[in-house]
Amino acid sequence: MRRGTELALEGVSFRLEPGSLTALVGPNGAGKSTLLQTLAGQLIPTTGTITLAGQPLTPSLARRQLALMPQRGAIAWSFPITVRGLVALGRSAARRNGCCEVEAPLQRLGLAGLADRRLDQLSGGQQQRALLARTLVRPAPVLLLDEPCAAIDPPSRTELLQVMAQLRDAGLTLLVSSHDWGSDLDSYDRVLVLDRQLLADGSPAHVRHTLGHLRVAHHGCG
Amino acid sequence: MCATPSATCGWPTTAVVDPVLFWWGLPLGLALAIGALAPLAGTLLLVQRRLFLANLISHAVLPGLAVAVALRLDPALGGVLSGVAGALLAERLSRGGAPGEEADAAVLNTVLAGFLGLGVLLIPLLHIRVDLEAVLFGDLLAAAPVDLLRTLLALAAVLLLLALRYQQLVFLGVDPLGAASAGLPVQRLRLLLTLVTAVTVVSAMTAVGVVQVIALMGAPALLALGGATSLRQALFRAALIGMAITALGFSMALLPAVNLPPGPLIGVLCLALLPLRAWPLGRGR
């Protein structure tokens, strides 16, 4: 996978099991966002294939079956819109009238009481939950979350990890990127370590063992 | 209530318009229409992080205007085409240049200065007469019915854009990448915004001038966005603030004690609005 003249990803191959919670970790510039955007159908791989339940992934199939939660930097938090308004934008992405309940994701993420607040009146953790709620509006079975735990406080991070585990338990497949290594990594079923290529793949304990030389920072989401 | 025109109801019995009413009613109507139009367009640009277009297009209208005058076409048409061309050229050159906002700003400034310079050069080259002062700063008291009609048409176009594309504009403003990946016609929406900006700038030519309109697009929008919980609410507030500013500017200009041109006066009133941002409307919600 190339971005411009630069090689962003090379030889990355893995399979996600349905109903699993997988962390995608690696340093800044490792290609995590590129991989998620490629899986979401926003970028076309230079070589190689992506399949979903045996079918080649096309942009329209990706739009139906995968939902991408972008990094918080991609969102204009000062836009004049309420939490409910932001979540309702998930319906625009679905492009189907009558589809997609807005109140249910708000309830699920504990945002019902904040639904009429402006986005810039929320804490960082609440903003991330609102963004996740927007991602959940569409009934997509695969969720791709790009650094959902970046720049939020530890209690909010723990809450988000619990929500992700609940979504996994409800049968959804989650791939969650992070550039942090920490004890939160144990919340995941599986960890993929990426630095333009796949360096390790396995359980959190296995990955720590395999890449023992890497320094583990005791903060972060995954 | 009068259902039909009659002398007792006060409707005019002839087609002759009261000259006093015409003298100040037309400019006031134009001032109010621009007061609504410019902040609407400005708010849309601001939330899309594209307010630079107002500055760029306001300078880029001059060459087209000069050519249109030379060809005996409607100057507004030439101005719109030239403004859109300037905006598209700046975007094209920005993409092709070095990455980074500063590089883009350098391209933008060069294009706007270049278009302005070209416009000034075309005036002697084409042997035409253009009152540059009126173009840049407006001459509200010289307004003609066609100016009001043009502005009302531009206002209708903006309202139509909002009616048809409101949700898409919100999505694009909140999350441009998400809007693109959801299949929204991002480039088309941005082109429509560019067109609306050009039409707004040209419509404001008579009322406040193509330079002063930048203030009228920015200041009411900034004030209106504070505390607004929806784009619709911000747009409504911005239009109200803009109409109040232009009405005040026009009224002050008529006062014998003031007796100043309304365009620059409206620009100064917009400047006076900025400190009010510390008290955003609807704060504490």
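Data block above holds the structure.
So, here is what we can say about the structure in this document.

Some words on helix 9 (residues 209-225) of chain B
Residues and elements named next belong to chain B.
(1) Moving on: Here helix 9 spans 25 Å end to end across 17 residues, near enough to the 24 Å set by a 1.5 Å rise per residue.
(2) Moving on: With 13 of 17 residues buried, helix 9 lies mostly within the body of the structure.
(3) Moving on: Just downstream of helix 9, Gly227 is the residue with a positive phi angle, here 80 degrees.

Concerning the interface of chain A and chain B
(1) Moving on: Contacts between the two partners involve 19 residues from chain A and, on the opposite side, 22 residues from chain B.
(2) Moving on: Roughly 1,700 Å² is buried in total at the junction of chain A and chain B, and carbon and sulfur atoms are behind 60% of that figure.
(3) Moving on: Looking only at chain A, the three residues that lose the most surface to chain B are Phe79(A), Pro80(A) and Leu89(A), adding up to 32% of its buried area.
(4) Moving on: At the junction of chain A with chain B, the criterion picks out one salt bridge.
(5) Moving on: Notably, a salt bridge pairs Asp175(B) with Arg134(A), separated by 2.7 Å at the nearest N-O pair.
(6) Moving on: At the junction of chain A and chain B, the tally comes to five residue pairs in polar contact (both at pLDDT 80 or more).
(7) Moving on: Tallied by class, residues from the side of chain A that touches chain B come to 10 nonpolar, four polar and five charged.

Concerning the sheet that holds strand 7 (residues 142-146) of chain A
All names here are of chain A.
(1) Moving on: Spatially, the six strands line up as an open sheet ordered 6-7-8-3-9-10, and their pairing is mixed. With partners counted over all chains shown, the strands left at the sheet margins are strand 6 (66-69) and strand 10 (198-202), one partner each. Across the sheet, the mean angle from the axis of one strand to that of its neighbour is 15 degrees, orientation sign disregarded.
(2) Moving on: Its contacts with the sheet place helix 6 (residues 154-169) against strand 3 (21-25), strand 7 and strand 8 (173-178), and it is angled at close to 155 degrees to strand 8.

So, the environment of Leu184(B)
Residues and elements named next belong to chain B.
(1) Moving on: Note that Leu184 resides in the loop between helix 7 (176-181) and helix 8 (186-207).
(2) Moving on: Between the C-alpha atoms of Leu184 and Gln168, which are 16 residues apart in sequence, the distance is 7.1 Å.
(3) Moving on: In this view, Leu184 contacts Gln168, Phe171 and Ala179; residues no more than four positions away in its chain are not counted.

Some remarks on the environment of Gly11(A)
(1) Moving on: You can see Gly11(A) is positioned in the loop between strand 2 (6-7) and strand 3.
(2) Moving on: Through-space distance from the C-alpha of Gly11(A) to that of Leu198(A) is 7.5 Å; in sequence the pair is 187 residues apart.

Some points on the pattern of salt bridges
Residues and elements named next belong to chain A.
(1) Moving on: This model, assessed by the stated rule, comprises 14 salt bridges over all chains.
(2) Moving on: Across the salt bridge formed by Glu159 and Arg129, the nearest N and O atoms sit 3.4 Å from each other. Taken together, the positions of Glu159 in helix 6 and Arg129 in helix 5 (residues 124-137) put the pair 30 residues apart, joining distant regions of the chain.
(3) Moving on: We classify Glu159 as partly exposed; its relative accessible area is 35%.
(4) Moving on: Residue Arg129 is classed as buried on the basis of its relative accessible area, which comes to 12%.
(5) Moving on: Taken together, the salt bridges that share partners define one network made up of Arg84, Glu103 and Asp116.

Procedures and definitions
- Residues numbered from 1 in each chain as written.
- Chains lettered and ligands numbered in written order.
- Predicted model: local features only at pLDDT ≥ 70, side-chain atom pairs only at ≥ 80, totals over all residues.
- Heavy atoms only, no water.
- Helix = DSSP H or I, 4+ residues; strand = E, 2+ residues; numbered from the N terminus.
- Expected span 1.5 Å × (residues − 1).
- Buried < 20%, exposed > 50% of the residue type's maximum accessible area, 1.4 Å probe, protein only.
- Contact = heavy atoms within 4.5 Å.
- Buried area = accessible area lost by both parts, 1.4 Å probe.
- Salt bridge = Lys/Arg side-chain N within 4 Å of Asp/Glu carboxyl O.
- Polar contact = N/O pair within 3.5 Å; in protein donor to acceptor, adjacent residues only side chain to side chain.
- Nonpolar A, V, L, I, M, F, W, Y, C, P; charged D, E, K, R; others polar.
- Pairing = 2+ DSSP bridges.
- Axes fitted to C-alpha atoms, helices over the stretch in contact; angles between N-to-C directions.

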